[in-house]
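So the chains spell out like this:
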Amino acid sequence: MSATARTAALTPPDILARKGGEPLVCLTAYTTPLARIVDRHCDIILVGDSVGMVLHGLPSTLGVTLDMMIMHGKAVRRGVERALLVVDMPFGSYEESPEQAFRNAARIMAETGCSAVKLEGGETMERTIRFLTRHGIPVMGHIGLTPQAVNSFGGYKVQGRGDDAFHILRDAEAVADAGAFSVVLEKVPAALADRITATTPIPTIGIGASASCDGQILVVDDMLGMFDTFRPKFVKRFAELGQTADEAIADYASDVRARRFPAAEHVFSDTAPALHKGKTE
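Residues numbered from 1 in each chain as written. Predicted model: local features only at pLDDT ≥ 70, side-chain atom pairs only at ≥ 80, totals over all residues. Heavy atoms only, no water.

**Student:** Explanation requested: the sheet that holds strand E8 (residues 215-218) in the structure shown.
**Tutor:** Whenever strands of a sheet pair, they do so through backbone hydrogen bonds, lying parallel or antiparallel. In space, the eight strands of this closed barrel follow the order E1-E2-E3-E4-E5-E6-E7-E8, with parallel pairing throughout. Neighbour to neighbour, the strand axes of the sheet diverge by 25° on average, direction disregarded. Examined bridge by bridge, strand E4 (residues 116-118) and strand E5 (residues 139-144) share two bridges and lie parallel to one another. Following the sheet pairing, valine 117 is matched in E5 by valine 139. Sheet strands in contact with helix H5 (residues 66-77) are strand E2 (44-47) and strand E3 (84-88), and its direction is about 165° off that of E3. In the packing of helix H9 (residues 164-177) onto the sheet, contacts are made with E5 and strand E6 (182-186), and the angle to E5 comes to roughly 175°. (Pairing = 2+ DSSP bridges. Helix = DSSP H or I, 4+ residues; strand = E, 2+ residues; numbered from the N terminus. Axes fitted to C-alpha atoms, helices over the stretch in contact; angles between N-to-C directions. Contact = heavy atoms within 4.5 Å.)

So this is what it looks like as structure tokens:
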């Protein structure tokens, strides 16, 4: 990637300055080819730990390792020129202490070339976020449903209903006060997301939250119809590429078995001298 392209890329301060402005467009990506496409249309590309489920077949994000995130982060970096690249910190890589978080975040940034990291948690992570941001590591927060804590929540349930809304509000305040440049609100009631967006000085990025958030994010495999293990209510399918791929592969298999493929236009002619059996005269 050229130096010019890197200079033109969006930065965490650019994203922070978009608070209350044109909505931020965000998607995940895990590979170079898809990153190139997403980069043409999005402001933020997240290398999410959802990669464990959509590409590696894991039952949750808990089995994702630091090495996996770095490998996919490197791949995505090769396809990004304009968007802000953010990499998820996986479960177990930051919860122990701010010092542990810094070591692993610094490694992610150094090895992938990303511009920021994302970690889950509100008040419990305030000290860690503050430590990272004061030591030069931009942080995107993530509150509401935090998938790495799915066992504590008892499943992928809506967070912030009833009295629990107070705790989500405090989480948002803590993340902003600690210096995060944005925060993901996942699977919270729309009214709560609206209130957080109106009172929090950093951009809110919704996923199953509200259209009034400062931006929206989806898992790219969900919105393209490539992941069918489950379908969250908040996902809109903008394509059905999984079905299209299934039909294309079925057609290929049929053509091979019927010897319709490869056809004449798919094979090479022989321009070398003809081969003869037996001795050469």
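**Student:** Is there a simple way to think about the pattern of salt bridges in this case?
**Tutor:** Two side chains bearing opposite charge may form a pair once their charged atoms approach each other closely. Counted by the stated rule, this structure contains 12 salt bridges. Across the salt bridge formed by aspartate 214 and lysine 19, the nearest N and O atoms sit 2.8 Å from each other. Of this pair, aspartate 214 sits in the loop between strand E7 (204-207) and E8 while lysine 19 sits in the loop between helix H2 (12-16) and strand E1 (24-28), placing them 195 residues apart in sequence. Look at lysine 19 and you get partly exposed, because its relative accessible area is 24%. A salt bridge links arginine 82 to aspartate 43, with the shortest nitrogen-to-oxygen separation between them at 3.1 Å. Of the two residues, arginine 82 is situated in the loop between H5 and E3 and aspartate 43 in the loop between helix H3 (32-39) and E2; the sequence distance between them amounts to 39 residues. Residue arginine 82 is classed as partly exposed on the basis of its relative accessible area, which comes to 37%. When its relative accessible area of 6% is taken as the criterion, aspartate 43 is described as buried. (Salt bridge = Lys/Arg side-chain N within 4 Å of Asp/Glu carboxyl O. Buried < 20%, exposed > 50% of the residue type's maximum accessible area, 1.4 Å probe, protein only.)

**Student:** Sorry if this is basic, but what is going on with H3 here?
**Tutor:** Residue pairs spaced three or four apart in an α-helix point in one direction, given the helix's 3.6 residues per turn. Those residues of H3 not exposed but buried are Thr32, Leu34, Ala35, Val38 and Asp39. Angularly, the buried residues of H3 cover 155° about the axis, an arc narrow enough to put them on a single face. On the buried face of H3, the contacting elements are E1, E2, H5 and helix H11 (220-223). (Arc of directions from axis to C-beta.)

**Student:** Would you mind showing me how to read the packing of aromatic side chains here?
**Tutor:** Each aromatic ring pair is characterised by the separation of its centres together with the angle its planes make. On inspection of all chains with the given rule, the structure shows two aromatic pairs. Centroid distance phenylalanine 102 to phenylalanine 131: 6.3 Å. Interplanar angle 85°. Geometry classified as edge-to-face. Residue phenylalanine 102 is found in helix H6 (residues 98-112), and its partner phenylalanine 131 is found in helix H7 (residues 126-134); the two are separated by 29 residues along the sequence. Centre to centre, the rings of tyrosine 252 and phenylalanine 261 are 6.0 Å apart; their planes meet at 65°, and the pair counts as edge-to-face. On the accessibility criterion, phenylalanine 261 (36% relative accessible area) is partly exposed. (Phe/Tyr/Trp six-rings, centres within 6.5 Å; stacked < 30°, edge-to-face > 60°.)

Fair warning: the whole summary comes from geometry, so function is off the table for now.
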